[in-house]
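Each chain, letter by letter, is given below.
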Amino acid sequence: MVGDLHASFAWFVVVGNGLAGAWALAAHWWEPARVRALWIATAVVQVSIIVQVALGVAALGEIEGDPDQFHLFYGFVAIATVGIIYSYRAQLAAHRYLLYGGGGLFLMGLALRSMQFSQPA
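Residues numbered from 1 in each chain as written. Predicted model: local features only at pLDDT ≥ 70, side-chain atom pairs only at ≥ 80, totals over all residues. Heavy atoms only, no water.

S.K.: When you look at the overall build of the protein chain in this model, what are you seeing that I'm missing?
M.R.: Scanning the protein chain from terminus to terminus reveals four helices and zero strands. Counted from the first residue to the last, the protein chain has its helices and strands arranged as α-α-α-α. Computed over its C-alpha atoms, the radius of gyration of the protein chain comes to 15 Å, within 12% of the 14 Å expected for a compact globule of 121 residues. With the C-alpha coordinates of the protein chain rotated into their principal frame, the extents come out at 50 × 25 × 20 Å. Within the span of the protein chain, comprising 121 residues, buried residues form 33% of the whole. Contacts in the protein chain between residues far apart in sequence, at least 24 positions, make up 78% of those at least 6 positions apart. Accessible surface, the protein chain as shown: approximately 7,300 Å² in total, 70% of it carbon and sulfur. Within the protein chain, the 6 negative side-chain charges are centred at a point lying 26 Å from the centre of the 5 positive side-chain charges. (Helix = DSSP H or I, 4+ residues; strand = E, 2+ residues; numbered from the N terminus. Rg over C-alpha atoms; globule rule 2.2 N^0.38 Å. Buried < 20%, exposed > 50% of the residue type's maximum accessible area, 1.4 Å probe, protein only. Contact = heavy atoms within 4.5 Å. Areas by Shrake-Rupley, 256 points an atom, 1.4 Å probe, with all protein chains shown as cover. Lys, Arg positive; Asp, Glu negative; His and termini not counted. Charge placed at Lys NZ, Arg CZ, Asp CG, Glu CD.)

No statement about biological role is implied by the geometric values presented.
Shown next as structure tokens:
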């Protein structure tokens, strides 16, 4: 059950981070896109990375055999990426839309790459 939720929630992580990243990049060039909802959406999808990894850890007991090590690697790299993006927010304040835009698209790519190594249902 947790494994199914982990597999389904992965698409929220992919699509959410892709949309939030594209929105932040658009906001870099188009000022009307710079609204509070962008930061709320970005926070939600970045927290979803942590939720997704927690679901994955909880699902480890459900799988038979050893999980693919690359799948685990990409999940933990995604958590580290969220931390790095957050830690650079002050230093890159002048380029925050580029930071969060590129970061969101990078997180989307990590999630997609992780899904390539996931166990078949």
